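# Summary of the model geometry
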Amino acid sequence: MNKEFEDLPNKEDIKSENAFLKMKMMLERGAHIGGSEDIDPELENAFLRNVMAFEEQFDEHKKIKLYEKIERPTIFKPVADVSNDEIETALDSLLNWLCEYGIEVSLFSPNISQHEFYRFITEELFEFEMDDVNLPGWISSFSYDEFHPDPVFETSTRAEDDCIRQILNKTLLEWLCFFKSENIRFNDHYPLTENEFKQHVNNFKEAYDDIECNEISDIKCEISGNTSIVTGNYSIQLTLAGQEQLLTGKWLVGLESPDDYYWYINNVQIEGINF
């Protein structure tokens, strides 16, 4: 850091340093940095310093095994030696140890046992080479599900939360980031683009004063290669001009994964509703 700006006595000097740091980042890295007079100069200064420190460390491309990053602990037993009675405490202790070093490990699939999650961390993640970045407040996040995807959980969740529940409520549909961009099947409508699919759904939503989803239930999923079929039941309450109508029926959501990584919705069937 330029010694000219060490031990700054007031906010005006800090603002001067901030201007210097911004110019330095623009000249050296082509950065485009906005700003506001409402931002506290000291907070902005800390942010700019952290960004520069991160870029300097990232440029070095230093890697380190996660086990080395957490100082090679020896207190964690092999998974085979952890009993059912011990596993919850052992896992909590392991996750807390990682957290002390700015490492978070998440698990979303409910189909994974605590023993398997513990095994993943101690046998796989310990050996993983990560970026060796050391900054105050820096968090490195990992997810079991990214290393070992669970297509049943992933596609079931996507079908329910990102499709059926988005359709069966009053809020207009805006984003279809989990859908194919074209050739979508929607009940008897085919082929549809994303915008055409959205228009059919929103026409249904706008036809009623209120749409309340009571229940999505009996969800089942079948995976075959790179295709998934998720089915279930629904119950919704429609309101129009003060009159209420209860609708129930079955639904189906089809998904495909052409790249064996990301699942796209390509077929939606909801019985009992004329879209």
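Located above this text is the structure these notes cover.
Now for a quick tour of the structure.

### Comments concerning the nonpolar core
In globular proteins that are soluble, nonpolar side chains generally tend to be buried together. Residues F197, V268 and I270 are the most contacted members of the largest nonpolar core, which totals 31 residues. Among the elements of the structure, α7 (151-167), β5 (184-186), α8 (194-206), β7 (210-224), β8 (227-240), β9 (243-256) and β10 (264-270) are those that each provide at least two residues to this core. When neighbours within four sequence positions are excluded, F197 is seen to be in contact with I167, L173, L176, F179, I184, F186, L192 and V268. Counting residues in hydrophobic clusters, the runner-up holds 23 residues, among them V79, F126, F142 and Y144.

### Description of the packing of aromatic side chains
To describe a pair of aromatic rings, you give the distance between the ring centres and the angle between the ring planes. The final tally for this structure, using the stated rule, is 15 aromatic pairs. Here Y262 and Y264 contribute two aromatic rings whose centre-to-centre distance is 4.8 Å and whose plane-to-plane angle is 50 degrees, an arrangement assigned as tilted. Given the relative accessible area of 24%, Y262 is considered partly exposed. One aromatic cluster in this structure is built from F117, F120, F128, F142, Y144 and F147. The residue whose ring lies beneath R185 is Y190, and the NZ or CZ to ring-centre distance is 4.1 Å.

### Looking at the pairing of β9
As paired strands, β8 and β9 are joined by 14 bridges and run antiparallel to one another. Residue pairing for β9: T227 is matched across the bridge by E256. Here β8 folds back onto β9, and the loop between the two strands holds 2 residues, one of which, A241, carries a positive phi near 50 degrees.

### As for helix α4 (residues 87-100)
In a regular helix each residue adds 1.5 Å, so 14 residues correspond to 20 Å; α4 covers 20 Å between its end C-alpha atoms and thus fits that length. Turning to α4, its buried residues number three or more, namely I87, A90, L91, L94 and L98. Take α4 and look down its axis: the buried residues cluster within an arc of 95 degrees, on one side only. Set apart from the buried face of α4 by more than 90 degrees, the exposed residues are T89, N96 and E100. Looking at the buried side of α4, the elements it contacts are α3 (66-69), β2 (103-106) and α5 (114-124). Downstream of α4 by one or two residues, G102 has phi in the positive range, about 75 degrees.

Scoring rules and cut-offs
- Residues numbered from 1 in each chain as written.
- Predicted model: local features only at pLDDT ≥ 70, side-chain atom pairs only at ≥ 80, totals over all residues.
- Heavy atoms only, no water.
- Core = buried A, V, L, I, M, F, W, Y, C linked by side-chain atoms within 4.5 Å.
- Buried < 20%, exposed > 50% of the residue type's maximum accessible area, 1.4 Å probe, protein only.
- Helix = DSSP H or I, 4+ residues; strand = E, 2+ residues; numbered from the N terminus.
- Contact = heavy atoms within 4.5 Å.
- Phe/Tyr/Trp six-rings, centres within 6.5 Å; stacked < 30°, edge-to-face > 60°.
- Lys NZ or Arg CZ within 6 Å of the ring centre and 35° of its normal.
- Pairing = 2+ DSSP bridges.
- Expected span 1.5 Å × (residues − 1).
- Arc of directions from axis to C-beta.

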